[in-house]
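Remarks on the overall topology
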Amino acid sequence: QVQLVESGGGLVQPGGSLRLSCAASGRTFSRYHMAWFRQAPGKEREFVAAISWSSGTTEYADSVKGRFTISRDNAKNTVILQMNSLKPEDTAVYYCAADGSGLEPMRTTPRAYSYWGQGTQVTVSS
């Protein structure tokens, strides 16, 4: 089992940057594909980015390509989402998620992920 705790959210002006962290517990963290999803008020949870267990593969939603970067450090049980050039439409609660299936290509639907953090709020506003 994996427990996930996100941090790093906050209020930022358009064009600014934020760095989200996801700390994972559990000895098998390195076996999980990891992802970030987000959910804005009144909208469905949507895929943002994912990284394979080996860090060999990453996937991004079209809306964040070129602006967001996902990375992981298996030695520290941590996943990072670096968000640059933030826009008001990036405002949402951001969730870290883990998929223990090991399937490739990585999946981008919420139901494929078994473990979730509690979320961290990101607000982009002037």
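Preceding this section is the structure that the text describes.
Residues numbered from 1 in each chain as written. Predicted model: local features only at pLDDT ≥ 70, side-chain atom pairs only at ≥ 80, totals over all residues. Heavy atoms only, no water.

A word on the pairing of strand β3 (residues 18-25)
Every other side chain in a regular strand lies on the same face of the sheet, so the side chains alternate between the two faces. Strand direction decides the pairing type here: strand β1 (residues 3-7) and β3, joined by five bridges, are antiparallel. Looking at the pairing, Gln3 lines up with Ser25 of β3. Sheet topology places β3 next to strand β8 (residues 78-83); six bridges connect them, and they run antiparallel. Among the inter-strand pairings, Leu18 is bridged to a residue of β8, identified as Met83. (Pairing = 2+ DSSP bridges. Helix = DSSP H or I, 4+ residues; strand = E, 2+ residues; numbered from the N terminus.)

Section: the packing of aromatic side chains
This structure, assessed with the given rule, holds five aromatic pairs. A centroid spacing of 5.7 Å and a plane angle of 75° characterise the contact between Phe37 and Phe47, whose relative ring orientation is edge-to-face. On the criterion of sequence distance, the pair formed by Phe37 in strand β4 (residues 33-39) and Phe47 in strand β5 (residues 46-51) is long-range, its members being 10 residues apart. For the pair formed by Phe37 and Phe47, the shared burial category is buried. Note on Phe37 and Trp116: the rings are 5.1 Å apart at their centroids and 55° apart in plane angle, and the pair reads as tilted. Highlighted residues: Phe37 in strand β4 and Trp116 in strand β10 (residues 115-116), separated in sequence by 79 residues. (Phe/Tyr/Trp six-rings, centres within 6.5 Å; stacked < 30°, edge-to-face > 60°. Buried < 20%, exposed > 50% of the residue type's maximum accessible area, 1.4 Å probe, protein only.)

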